[in-house]
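Notes for the structure review
Each chain is listed here by its residues.
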Amino acid sequence: MTFDPETATFLIAGPVRIHPRVLRAMATPSLNHRGEFFHGVVQEIRELLPVAFGAKGRQAVLSGSGTAGLEAVYAGLVPKDGTTVVVANGNFGDRTDAIVRRYASHVVTVRAPWGKGLPVEEVRAALEAGDVRAVCVVHNETSVGLANDLAAIAPHVRHAGALFLVDGISAVAGIPLPIEAWGVDAVVAGSQKGLAAPAGLALVHLSERAAAALHPGTYYLDLAAHLASLEKNDTPWTPAVPLFLALREALVLLREEGLEGRLARTRRLAEAARAAVAALGLELFPDPRFASDTVTAVRNPSGLGDPQLRKALEREYNVLVQGGQGSLVGQIFRLGHMGIADWPDLLVTFAALERILGKHGRLPRPGAAMTEVVARMP
Ligand code: PLP
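Okay, so let's go over this structure. (Residues numbered from 1 in each chain as written. Predicted model: local features only at pLDDT ≥ 70, side-chain atom pairs only at ≥ 80, totals over all residues. Heavy atoms only, no water.)

The local shell around the ligand consists of S65, G66, T67, L70, F92, V138, N140, T142, D167, I169, Q192 and K193. Within the side chain of Q192, a nitrogen or oxygen atom sits 2.8 Å from an oxygen atom of the ligand. Protein chains shield 87% of the accessible area of the ligand, which is 390 Å² for the free molecule. Of the residues forming the shell around the ligand, the biggest block, 3 residues, is contributed by helix α3 (residues 66-77). When grouped by side-chain class, the residues that make up the shell around the ligand number 4 nonpolar, 6 polar and 2 charged. (Near = heavy atom within 4 Å. Polar contact = N/O pair within 3.5 Å; in protein donor to acceptor, adjacent residues only side chain to side chain. Areas by Shrake-Rupley, 256 points an atom, 1.4 Å probe, with all protein chains shown as cover. Helix = DSSP H or I, 4+ residues; strand = E, 2+ residues; numbered from the N terminus. Nonpolar A, V, L, I, M, F, W, Y, C, P; charged D, E, K, R; others polar.)

This is the structure we're talking about:
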């Protein structure tokens, strides 16, 4: 069997599987993006955005992948004077650092090793050093399957009066992100993760004070222009029309399930995935205390690399999981279980993993991983 996108069990860490209703929503003849019909679509999206973010605020949808949203936020909000603190403990933290350094005048980067929790004391010390105007951090480090404990740094950020700018690309609609309780000023979501829409849109939430603090950054991604247009059910430039149609349907699906329902289902899938990984005799890559509920990152067992595991899953069972990034290429594999991922996806994936490990004589307890998944099904 080789990869067949029509029938694959698809558990990469985003883009995620897309519901047929969302796929069908895109199959529409060309629309006038300045016409009444499309304004209605944008209006519905505007009204549904608080369902995705779990908060009201100033919100925008940009045509472009998640990185476009990050660039819009950092270009418009990191200060020209004063210090910006970046916290990095994975590949996307490093990416944040690279983007922020294009726009900020003075950046202090606080790092922890990939897969380790946030260095809370170091963040606090950096904030106490003074004149910090913005703190930029990834909520869910997709690269290492780790959810950063933002609650632990939120009070320090608030005390410093800095803007709290969060990459929520694989967090929104996947793990709890209480924007108001944590005093978050900007959140970026990607359409292709917890929202289970196609890749290519970035959703941005801003607090009132962040919206007021926007300064001109990039022209195309000017958030002030996007916010002003969305309030009129419009977009400043020609939007990715089919993706907007898909996003509307994906947001309707999310509303039907409810944000709390989706978060709870994602958590149950994650708990089952972690228990099944342990039953296979495999180890999580991140510090287990901070294991993400949207992405489970697993160390490849010694002697079995990508060709024997990940590629075999794809080749022999049409199961897609993701490999490592950067220095973790060939070291880990990652299961994305967010969006509309569900129990059959886990059952097929762990059955195939059991079979592959069994063929290599590396399965400690046949059937144990499946039992763990089944035990957690509703
Ligand atoms: N930040 C995080 C946490 C991500 O998971 C990703 C993509 O996986 C990105 C940023 C980059 O987003 P995109 O590839 O949609 O531009």
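We are not done yet, so read on.
What follows is about the sheet that holds strand β10 (residues 201-206). With mixed pairing, 7 strands are arranged side by side in an open sheet as β2-β10-β9-β8-β5-β3-β4. Across the chains shown, the open sheet's two edge strands, defined by having one partner strand only, are β2 (58-63) and β4 (106-111). Strand-to-strand twist of the sheet, defined as the mean angle between neighbouring strand axes without regard to direction, takes the value 20°. Where strand β3 (residues 83-88) lies against strand β5 (residues 132-138), 5 bridges are found, and the strand directions are parallel. Among the inter-strand pairings, V87 is bridged to a residue of β5, identified as V137. Sheet strands in contact with helix α2 (residues 36-53) are β2, β9 (186-190) and β10, and its direction is about 105° off that of β2. On top of the sheet, helix α5 (residues 120-128) reaches β3, β4 and β5; it is set at about 160° to β4, its chief contact. (Pairing = 2+ DSSP bridges. Axes fitted to C-alpha atoms, helices over the stretch in contact; angles between N-to-C directions. Contact = heavy atoms within 4.5 Å.)

Attention now goes to the side chain of N89. Within the secondary structure, N89 is located in the loop between β3 and α4 (91-103). Looking at N89, its side chain comes within polar contact range of the main-chain oxygen of K116, at 2.9 Å. Apart from the residues within four sequence positions on either side, N89 is in contact with A112, P113, W114, G115, K116, G117, L118, E141, V144, L146 and N148.

Ordered in space as β11-β14-β13, the 3 strands form an open sheet in which the pairing is antiparallel. With one partner strand each, in any of the chains shown, β11 (295-299) and β13 (322-323) form the two edges of the open sheet. For β13 and strand β14 (residues 332-336), the ladder comprises 2 bridges, and the chain directions are antiparallel. Residue Q322 lies in a different strand from β14, and its bridge partner there is R334.

Once that is clear, we can look at the packing of aromatic side chains. Going through the model one piece at a time under the given rule, you end up with 3 aromatic pairs. Residues Y220 and W237 carry aromatic rings whose centres are separated by 6.3 Å and whose planes lie at 20° to one another, so their mutual orientation is stacked. Residue Y220 is found in the loop between α8 (208-213) and α9 (223-231), and its partner W237 is found in the loop between α9 and α10 (241-257); the two are separated by 17 residues along the sequence. Owing to a relative accessible area of 23%, W237 belongs among the partly exposed residues under this scheme. Linked through ring pairs, Y219, Y220 and W237 together constitute an aromatic cluster. (Phe/Tyr/Trp six-rings, centres within 6.5 Å; stacked < 30°, edge-to-face > 60°. Buried < 20%, exposed > 50% of the residue type's maximum accessible area, 1.4 Å probe, protein only.)

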